[in-house]
Amino acid sequence: MQKIRHTSVAPTRTQRLAPGGEIDAHRHDDHQIAYASQGTIAVTTDAGSWVAPATRAIWIPAGTVHQHQAHGELELHLVGLPATENPLGLDKPAVLAVSPLLRELIVAYTRDPENDSPPHLRLRAVMLDQLKTSPEQPLHLPTPTDPLLRELHALLRADPADNRSLDDLGRQIGASARTLSRRLHDDLGLTYPQWRTQIRLHHALILLADNTPVTTVAHSCGWSSASTFIDVFRRTFGHTPGSRPDT
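Conventions we followed
The written sequence of each chain sets the order in which its residues are numbered from 1. Since the coordinates come from a predicted model, pLDDT governs what is reported: local features require at least 70, and pairs of side-chain atoms require 80 or more to be given and counted, while whole-chain, interface and lining totals use all residues. Just so you know, side-chain values use all the structure's heavy atoms and leave hydrogens and water out. Secondary structure elements are taken from DSSP: a helix is a run of H or I of four residues or more, a strand is a run of E of two residues or more, and numbering for both begins at the N terminus. In this description the radius of gyration comes from C-alpha coordinates, and the expected globular size is given by 2.2 Å times residues to the power 0.38. A 1.4 Å probe rolled over the protein chains alone gives each residue an accessible area, and that area as a share of the maximum for its type sets the label: buried under 20%, exposed over 50%, partly exposed in between. Two residue types count as positive, namely Lys and Arg, and two as negative, namely Asp and Glu; His and chain ends fall outside the count. The atom standing in for a charge is NZ when the residue is Lys, CZ when it is Arg, CG when it is Asp and CD when it is Glu. Any two of the Phe, Tyr and Trp rings considered here, Trp counted by its six-membered ring, make a pair once their centres fall within 6.5 Å; the pair's planes then place it as stacked at under 30 degrees, edge-to-face at over 60, or tilted in between. Here, nonpolar core refers to any group of buried Ala, Val, Leu, Ile, Met, Phe, Trp, Tyr and Cys residues whose side-chain atoms link them within 4.5 Å. For this analysis, residues touch if any pair of their heavy atoms sits within 4.5 Å. Salt bridge, as applied in this entry: a Lys or Arg side-chain nitrogen positioned within 4 Å of an Asp or Glu carboxyl oxygen. Strand pairing requires that DSSP identify at least two bridges connecting the strands. By this rule, a helix spans an expected 1.5 Å times one less than how many residues it contains. Think of it as the arc spanned by the lines of direction from the helix axis to the C-beta atoms.

## Thoughts on the overall build of the chain
Phase 1 of the analysis: From N to C terminus, the chain includes 8 helices and 10 strands.
Phase 2 of the analysis: A compact globule built from 247 residues should have a C-alpha radius of gyration of about 18 Å, and the chain, at 19 Å, falls within 12% of that.
Phase 3 of the analysis: With respect to the three principal axes, the spread of C-alpha positions in the chain is 65 × 40 × 30 Å.
Phase 4 of the analysis: Each of the 247 residues in the chain was classed as buried or not, and the buried ones make up 49%.
Phase 5 of the analysis: Here the chain contributes 24 positively and 26 negatively charged side chains, and the mean placements of these two sets differ by 3 Å.

Laid out in structure tokens, this is it:
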């Protein structure tokens, strides 16, 4: 059984992780915000995984068992908040949009976490005000509980470019497309195309963090062309995969 660390206070700090670096499974009694100003951060819980590039942050409620993984050279900013202070009113992990202003506030606040001067406390108050208005983003990749869906999930995660139909994939795992579609709806509330797109986007973020060329990412994740991938990416994240989000 995996040992889970328990830390009562969620730290506020800035730290660097090498590509593939991890923070092992743990929980704390505080809420926490995880933001990567460089690279891409993945947070995994029993309920699924969340991946966030520099335009997104991940909200981790108090008591949630989670682990972090770095994709690309990661500069990670962690903000701990007391369990009594929940500016978002969220009791489940979520991905939040990060505006250029919020980005700078998080970076500045986490680089001097021990500073309790009035200016620094005012900076914190503005950061929390900005968080209250940050829209939640649909970037959660849920972990299915259904055994058949877990088999399908393993196939798609192993090869996101697998373009076989749900009928063909179902034959491999011994289920009809109709059965799999119904279970997807009941278990995850998603259609098969929606779920497959989320899996592909998560994989694409990881490849992009490792500086993989956009065209290679597109084909590795199953899109027919780079332009199709770029269009889906832009509609999801608000910028193209090859651009800097803060410009």
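## Digging into the packing of aromatic side chains
Phase 1 of the analysis: On inspection of all chains with the given rule, the structure shows 2 aromatic pairs.
Phase 2 of the analysis: Taken together, a centroid distance of 4.9 Å and an interplanar angle of 40° make the contact between Trp223 and Phe229 tilted. Side by side, Trp223 and Phe229 carry an identical accessibility label, which is buried.
Phase 3 of the analysis: Here the aromatic rings of Phe229 and Phe233 are separated by 5.7 Å at their centres, their planes lie at 70°, and the arrangement is edge-to-face. On the criterion of helical spacing, the pair formed by Phe229 and Phe233 is a turn pair, its members being 4 residues apart in helix H8 (residues 226–237).
Phase 4 of the analysis: Residue class for Phe229 comes out buried when judged on its relative accessible area of 0%.

## Some details on the nonpolar core
Phase 1 of the analysis: Counting residues in each nonpolar core, the largest one holds 20 residues, and the members touching the most others are Ile33, Tyr35, Trp59, Val79 and Met127.
Phase 2 of the analysis: Of all the secondary structure elements, the ones that give two or more residues to this core are strand S4 (31–45), strand S6 (56–60), strand S7 (66–81), strand S8 (94–97), helix H1 (100–110) and helix H2 (118–132).
Phase 3 of the analysis: With 5 residues, the top contributor of residues to this core is H1.
Phase 4 of the analysis: Aside from chain neighbours lying at most four places away, what touches Met127 is Val79, Leu102, Leu105, Ile106 and Tyr109.
Phase 5 of the analysis: The next biggest cluster of nonpolar side chains, apart from the first, holds 17 residues, and it includes Leu148, Leu156, Leu180 and Leu184.

## Some thoughts on the environment of Ser224
Phase 1 of the analysis: Residue placement: Ser224 occurs in the loop between helix H7 (214–220) and H8.
Phase 2 of the analysis: With a relative accessible area of 62%, Ser224 lands in the exposed category.
Phase 3 of the analysis: Ser224 sits 63 residues away from Ala161 along the chain, and the two C-alpha atoms are 9.5 Å apart.

## A word on the pattern of salt bridges
Phase 1 of the analysis: All chains considered together, the criterion is met by 11 salt bridges.
Phase 2 of the analysis: One salt bridge connects Arg5 with Asp24, and the closest N-O pair in it is separated by 2.8 Å. Here the residue Arg5 occupies a position in strand S1 (residues 5–7), and Asp24 occupies one in strand S3 (residues 22–28), the gap between them amounting to 19 residues.
Phase 3 of the analysis: A residue is classified by how much of its surface remains accessible, and Asp24, at 41% relative accessible area, is partly exposed.
Phase 4 of the analysis: The network of salt bridges with shared partners includes Arg16, Glu75 and Arg111.

## Here we look at the pairing of S6
Phase 1 of the analysis: Taking burial as the measure, the 5 residues of S6 include 5 buried ones, the bulk of the element.
Phase 2 of the analysis: In S6, alternate side chains face the same way, and those of Arg56, Ile58 and Ile60 on one face and Ala57 and Trp59 on the other are all buried.
Phase 3 of the analysis: Judged from the 4 bridges that link them, S4 and S6 form a sheet pairing that is antiparallel. When the bridges of S6 are listed, Tyr35 appears paired with Ala57.

## Comments concerning H2
Phase 1 of the analysis: Taking 1.5 Å of rise per residue, the 15 residues of H2 would be expected to cover 21 Å, and the 21 Å separating its terminal C-alpha atoms lies within 8% of that figure.
Phase 2 of the analysis: Among all positions in H2, only His120, Arg124, Met127, Leu128 and Leu131 are buried. One side of H2 carries all its buried residues, which in axial view fall inside an arc of 95°. For H2, the exposed residues set more than 90 degrees away from the buried face come down to Pro118, Arg122 and Lys132.
Phase 3 of the analysis: Next to the buried residues of H2 lie S4, S7, S8 and H1.

## Let's talk about the environment of Leu205
Phase 1 of the analysis: Inspection of the secondary structure assignment puts Leu205 in helix H6 (residues 192–209).
Phase 2 of the analysis: Residue classification places Leu205 among the buried positions, given a relative accessible area of 4%.
Phase 3 of the analysis: In the structure, Leu205 is positioned 164 residues away from Ile41 in sequence and 9.5 Å away in space, judged by C-alpha atoms.
Phase 4 of the analysis: Sequence-distant contacts of Leu205, that is, excluding residues within four places in its chain, are made with Thr40, Val51, Pro53, Phe233 and Phe237.

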